[in-house]
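A structural walkthrough
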Amino acid sequence: MNARAKITLLTFFLSSCLTAALLTAYLQMQADANVKPADLYAVVERQLGNLRVGDFPGAYEDASKAIQERYSEEQFATMMQLQYPGMTEVSRAQYGQVQTHGRHATMQVYLIGADGLIIPCIYMLVREGEDWRIDGARLMKPWPTDVRMEGTLL
């Protein structure tokens, strides 16, 4: 193969790779733009509702495949009771910023107990097929009892 043919073939290959990368980036931006925060809120709200009433199998269904592969249903229930006790005692949740990164999303959630205690939490979600699932949650330090959330409560 002569040098000109090699250069032509290499140029074609690099152009194809660049086109594929640009197309992938464009499709990813479109997918991120089509994420409805309400879909993410619904998954978290459903799982919190299940945790409130002690329906750990129901809460387990909203966990990602990765969580379900790592923990059995019984291990999940034990983990939720021991490591995330605030989630089982939440009277309501308020939602903050949502960020999407392809099939992954992070969301600020403020867990509010019946006593008014506010526990900020970061939820990690992953899209599996057409459904969003919870891939983890990180509880932050509870706010002091005299701190209230800003905004208007309707």
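Provided above is the structure to which this section pertains.
1. Looking at the overall build of the protein chain
Of regular secondary structure, the protein chain possesses 6 helices and 4 strands. When the helices and strands of the protein chain are placed in sequence order, the string is α-α-α-α-α-α-β-β-β-β. Taken over 154 residues, the protein chain has a buried fraction of 30%. Considering only contacts within the protein chain whose residues lie at least 6 apart along the sequence, 46% involve residues at least 24 apart.

2. Describing the pattern of salt bridges
Considering all chains together, one arrives at 3 salt bridges under this definition. Put simply, Arg52 and Glu45 hold a salt bridge, and the shortest N to O gap is 3.5 Å. You can call Arg52 partly exposed: its relative accessible area is 31%. Its salt-bridge partner being Asp62, residue Arg46 comes within 2.8 Å of it at the nearest N-O pair. With Arg46 in helix α2 (residues 37-52) and Asp62 in the loop between α3 (56-61) and α4 (65-70), this pair connects stretches of sequence that are 16 residues apart. Residue Arg46 is classed as partly exposed on the basis of its relative accessible area, which comes to 44%.

3. Topic: a nonpolar patch on the surface
Taken together, the side chains of Met1, Leu9 and Phe12 make up a nonpolar region of the molecular surface, amounting to roughly 400 Å² of accessible area. Position of Phe12 among the secondary structure elements: in helix α1 (residues 3-33).

4. Some points on the side chain of Glu128
Mapped onto the elements of the fold, Glu128 is located in strand β3 (residues 118-128). For Glu128, a relative accessible area of 16% translates into the label buried. Of note is the side chain of Glu128, whose polar atom sits 2.8 Å from the backbone nitrogen of Lys65.

5. Points about helix α5 (residues 73-83)
Turning to α5, its buried residues number three or more, namely Phe76, Ala77, Met79 and Met80. One face of α5 carries all of its buried residues, which in axial projection span an arc of 165 degrees. Set apart from the buried face of α5 by more than 90 degrees, the exposed residues are Glu74 and Leu82.

6. Remarks on the nonpolar core
Grouped together as the largest cluster of nonpolar side chains are 30 residues, with contacts concentrated most on Val44, Phe76, Met80, Met87, Leu111, Tyr123 and Leu125. Those elements that place two or more of their residues in this core are α2, α3, α5, β1 (90-101), β2 (104-113), β3 and β4 (131-139). Apart from residues no more than four positions distant in its own chain, Leu111 is found in contact with Leu48, Met87, Val90, Arg92, Ala93, Leu117, Ile118, Ile119, Cys121 and Leu139.

7. Focus: the pairing of β2
In terms of burial, β2 is largely enclosed, as 7 of its 10 residues are buried. Across 9 bridges, the pairing between β2 and β3 is antiparallel. Pairing of Ile112 across the sheet is with Ile118, part of β3.

8. What about the pairing of β3?
Among the 11 residues of β3, 9 are classified as buried, and the element is accordingly described as predominantly covered. Following β3, the chain reverses through 2 residues before pairing antiparallel with β4; Gly129 in that reversal takes a positive phi of roughly 70 degrees.

Calculation rules
Residues numbered from 1 in each chain as written. Predicted model: local features only at pLDDT ≥ 70, side-chain atom pairs only at ≥ 80, totals over all residues. Heavy atoms only, no water. Helix = DSSP H or I, 4+ residues; strand = E, 2+ residues; numbered from the N terminus. Buried < 20%, exposed > 50% of the residue type's maximum accessible area, 1.4 Å probe, protein only. Contact = heavy atoms within 4.5 Å. Salt bridge = Lys/Arg side-chain N within 4 Å of Asp/Glu carboxyl O. Patch = residues over 30% accessible without salt bridge, like charges linked within 9 Å, V, L, I, M, F, W, Y side chains within 5 Å. Areas by Shrake-Rupley, 256 points an atom, 1.4 Å probe, with all protein chains shown as cover. Polar contact = N/O pair within 3.5 Å; in protein donor to acceptor, adjacent residues only side chain to side chain. Arc of directions from axis to C-beta. Core = buried A, V, L, I, M, F, W, Y, C linked by side-chain atoms within 4.5 Å. Pairing = 2+ DSSP bridges.

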